Protein chains: 2
Amino acid sequence: MQRGTNLGRLGGYNQAVVLESIRRASDGVSRVELAASTGLSPQTISNVVRRLLDGQWVREAGTVISGPGKPRTLVELVPDRLVSVGIHLDPSVLTYVIVDLRGNILERHRAPLPGAASPQETLDAMVAEVNALIAASGYQRENVVGVGIAAPGPVDVEGGRLVQPPLLTGWNEVALVEPLREALGLEVLLAKDTVAAATAEVWVGAGQTLADFVSVYVGTGVGAGLVLGGSVLAGQTGNAGELGHVLSGSVVPEVCSVCGRHDCLAVNLNFDTIVRRGREAGIDVPDVSGRPLSEHIAAATQVMAEAAHGNVAASEVARELAAHVSLAVGHIASLLDVDQVVICGPLWEVLRGFAEGTVTEHINLNFRGTLPRDVVVTSSELGGWIAAIGGACVVLEDLLAPKTSGLLLR
Amino acid sequence: MQRGTNLGRLGGYNQAVVLESIRRASDGVSRVELAASTGLSPQTISNVVRRLLDGQWVREAGTVISGPGKPRTLVELVPDRLVSVGIHLDPSVLTYVIVDLRGNILERHRAPLPGAASPQETLDAMVAEVNALIAASGYQRENVVGVGIAAPGPVDVEGGRLVQPPLLTGWNEVALVEPLREALGLEVLLAKDTVAAATAEVWVGAGQTLADFVSVYVGTGVGAGLVLGGSVLAGQTGNAGELGHVLSGSVVPEVCSVCGRHDCLAVNLNFDTIVRRGREAGIDVPDVSGRPLSEHIAAATQVMAEAAHGNVAASEVARELAAHVSLAVGHIASLLDVDQVVICGPLWEVLRGFAEGTVTEHINLNFRGTLPRDVVVTSSELGGWIAAIGGACVVLEDLLAPKTSGLLLR
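This structure is a prediction, so every number in the text was calculated from the model and none was measured.

Colleague: Would you mind showing me how to read the pattern of salt bridges here?
Modeller: Opposite charge on two side chains permits them to pair, given that their charged atoms come into close proximity. Counted according to the given criterion, the structure contains 36 salt bridges over all chains. Between A:R161 and A:D156 there is a salt bridge, and its shortest N-O distance comes to 3.0 Å. Residue B:R181 is joined to B:E187 by a salt bridge in which the shortest nitrogen-to-oxygen separation is 3.1 Å. Overall, the relative accessible area of 30% leaves B:R181 in the partly exposed class. It is possible to trace a salt-bridge network through shared partners that takes in A:E20, A:R23 and A:R24.

Colleague: Which parts of the structure should I look at to understand the sheet that holds strand 13 (residues 231-233) of chain B?
Modeller: Pairing between the strands of a sheet comes from backbone hydrogen bonds, and it takes one of two forms, parallel or antiparallel. Residues and elements named next belong to chain B. If you walk across this open sheet you meet the five strands as 13-12-11-14-15, and the pairing is mixed. On the outer flanks of this sheet lie strand 13 and strand 15 (376-379), each paired with one strand and no other. The sheet shows a mean angle of 30 degrees between the axes of neighbouring strands, direction not considered. In terms of strand pairing, strand 11 (residues 213-219) meets strand 12 (residues 221-228) through seven bridges, oriented antiparallel. Residue pairing in the sheet places V214 in a bridge with L226 of strand 12. Packed on one face of the sheet, helix 6 (residues 193-204) meets strand 11, strand 12, strand 13 and strand 14 (340-344) and runs near 130 degrees to strand 11. Strands in contact with helix 10 (residues 312-336) are strand 11, strand 12, strand 14 and strand 15; relative to strand 11, the strand with the most contacts, it is inclined by about 155 degrees.

Colleague: Would you mind going over the interface of chain B and chain A with me for this structure?
Modeller: Taken residue by residue, the interface counts 56 residues in chain B and 56 residues in chain A. Summing both partners gives a buried area of about 4,700 Å² for chain B against chain A, and 63% of it is carried by carbon and sulfur. The tally of links from chain B across to chain A stands at zero salt bridges. Linking chain B to chain A there are 21 residue pairs in polar contact (both at pLDDT 80 or more). Sorting the residues of the side of chain B that touches chain A by element identifies helix 1 (7-24), helix 2 (31-38), strand 12 and helix 10 of chain B as the ones contributing at least two each. No other element matches the seven residues that helix 1 of chain B contributes to the side of chain B that touches chain A. For the side of chain B that touches chain A, the residue count by class is 26 nonpolar, 23 polar and seven charged.

Cut-off values and rules
- Residues numbered from 1 in each chain as written.
- Chains lettered and ligands numbered in written order.
- Predicted model: local features only at pLDDT ≥ 70, side-chain atom pairs only at ≥ 80, totals over all residues.
- Heavy atoms only, no water.
- Salt bridge = Lys/Arg side-chain N within 4 Å of Asp/Glu carboxyl O.
- Buried < 20%, exposed > 50% of the residue type's maximum accessible area, 1.4 Å probe, protein only.
- Pairing = 2+ DSSP bridges.
- Helix = DSSP H or I, 4+ residues; strand = E, 2+ residues; numbered from the N terminus.
- Axes fitted to C-alpha atoms, helices over the stretch in contact; angles between N-to-C directions.
- Contact = heavy atoms within 4.5 Å.
- Buried area = accessible area lost by both parts, 1.4 Å probe.
- Polar contact = N/O pair within 3.5 Å; in protein donor to acceptor, adjacent residues only side chain to side chain.
- Nonpolar A, V, L, I, M, F, W, Y, C, P; charged D, E, K, R; others polar.

Here it is, written out as structure tokens:
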């Protein structure tokens with residue numbers, strides 16, 4: 001059904017556009033510059049900025065002289081006008097952050113997720129930790145805009161529930177949003193982890209300079225977030241981005257817990273695989289099967305360090321993993337016709353020193369026939385906190401981002 | 001860069017929304033219904049409809065009595081207010097259509113693409129054929145909105161050129177748009193074939209009832225068009241939709257002309273493969289290597305007919321091809337989080353009687369872990385003319401479709 005629009009819809013949209021433009025100008029911006037960048041009239045800019053000043057969203061930040069005439073007054077964001085809480089629920093670890101409107105981390109905390117803990121115990125721990133972080137931050141509760149949870153997909157965004165998260169035994173169909181909302185008295189939103197990571201890129205990472213890109217998460221499993229025109233395409237149910245179960249052409253002894261195959265991409269792109277291959281190659285790393293993820297990461301990092309020191313077998317492992325990453329990246333880049341790919345995730349953190357250049361070469365070689373142009377692959381600058389930051393940014397995005405869909409009559 | 005909007009941008013958008021709503025109401029629609037469906041005020045609807053009546057885009061179409069009060073006057077589209085020409089350039093055949101605003105075919109023509117013909121000779125033939133079709137249609141040239149060419153990707157949409165079309169020897173870097181525009185004196189646009197096919201679905205096919213779906217083209221090769229909120233996501237350069245070169249897990253003697261592998265999806269989803277497998281299974285079909293596509297299609301159809309008659313080996317071939325199609329569809333559905341898939345294309349026309357149900361089952365079984373919900377697979381109703389219709393619809397879409405991006409200040 002096609003919906004029209006009217007004058008009443010314009011104001012909110014333009015205010016969001018102006019606030020977003022001020023937010024992105026880290027050194028302040030003048031009203032003249034805002035008019036130029038948004039296309040809005042000086043009168044509209046003046047009115048909107050006055051409203052934002054009154055609401056304490058922005059503040060004046062000195063003047064600059066540019067050419068003859070009156071010096072221009074700069075306005076800048078009040079970055080902690082509101083803060084947002086993010087939680088990343090991972091199969092092995094819980095990560096919490098509080099960020100300001102620029103996505104700067106104000107408080108952070110990380111705790112292992114005990115396999116023995118029931119979902120209820122974990123929810124109780126989340127409530128306690130969020131309250132502790134807010135207290136530690138010194139912000140009043142009314143300045144906390146909400147809590148965003150990043151969790152393994154598929155997720156039921158509307159129902160606020162996990163569905164069937166791989167590796168999170170006992171968490172099928174567990175409701176997160178309603179219990180947390182009730183216990184915390186705050187707005188709570190749920191997003192798939194890869195969608196949250198892409199939202200973090202848009203809000204505080206690669207999105208500072210790119211409007212169209214793919215964010216690829218390489219951790220235990222691989223997933224993607226498509227960013228178009230500065231917005232994350234989350235899909236009809238918020239579960240877009242699955243690409244781990246294309247065939248890799250490489251059979252491993254491990255079985256994929258999601259698709260049940262021995263040759264999908266996800267089962268190859270795995271800490272376990274690095275460690276096993278490293279051990280098979282005679283590298284002295286411990287057997288980590290059944291151990292916490294942190295030990296898998298440590299052992300895999302050790303194998304990659306051997307590769308960096310010139311160990312041939314370890315280099316071969318790194319090379320193969322890079323080929324698998326390039327397969328994932330190449331597929332999504334050619335399917336979606338994007339030429340900028342930003343990779344993040346714990347496995348990529350281990351691999352990136354070795355693989356960044358290799359992946360770019362691989363893609364542009366192996367997908368030449370299907371890519372309209374070369375793909376540029378870079379690594380995310382957001383590190384291990386990306387999905388938690390993304391959870392917080394999902395809440396900010398929901399409240400503040402200008403959305404053309406918001407222009408249409410309901 | 002974030003752009004604002006103003007009152008001046010509203011009028012054109014609302015008019016496009018109203019025209020689109022009238023276009024979609026095949027039995028006419030009243031002003032009251034238009035106000036309800038678009039959210040616009042009765043006054044706005046009244047003004048816009050008057051403008052559309054004045055411009056002869058719509059006409060009054062009788063009255064209906066619904067409840068007490070004045071009978072409601074219906075308005076309906078003038079479907080041939082403008083007509084559009086579509087050309088599908090395929091490695092073996094040239095297809096032409098003229099369609100009206102509803103996408104109904106008014107004239108059509110199909111001619112083999114002689115392998116020996118140079119691009120220049122083919123361009124000359126296109127000009128002659130378009131002129132002949134327009135003459136045959138009886139429409140004045142000023143009522144022809146333009147010509148849309150659907151061609152194998154990657155295409156250079158902006159430059160109006162093919163890039164490196166597989167199977168079209170001698171067509172690398174050939175310009176189509178400029179020469180045709182000059183020779184015909186008409187607006188000419190170029191689109192990738194799968195994007196055009198998806199646009200046809202939006203304009204006259206599955207888009208009549210679905211706003212979000214994936215259109216999958218299964219011909220010589222496989223490609224997709226993503227439809228979101230009633231618009232085709234063509235990608236940054238108009239080349240979105242490549243998915244033929246994921247690995248299939250099945251090695252064939254043929255080599256993929258695009259990726260050079262023997263085990264990608266595209267090289268498995270192929271008329272050649274059906275025919276070879278049929279012959280290996282002892283089915284009496286001719287060797288068609290090197291023969292025109294029409295003979296490949298005929299031979300493959302024969303193999304599928306044997307399958308329908310209970311031939312075990314032929315059924316096995318059909319079953320495997322269905323599995324390959326479901327791999328393609330499952331990947332794109334899980335990556336993009338859509339649950340409606342509409343399949344079209346010449347190979348699918350041969351397969352569909354056999355494969356439609358199988359594909360649905362396969363996907364919902366093999367992608368259970370990555371799909372948030374079951375996928376519904378249907379076959380396109382647009383048949384073999386879909387890409388040519390799509391070419392024509394790309395021109396209509398460009399001129400007439402309401403686009404929220406058009407609301408933003410330039």
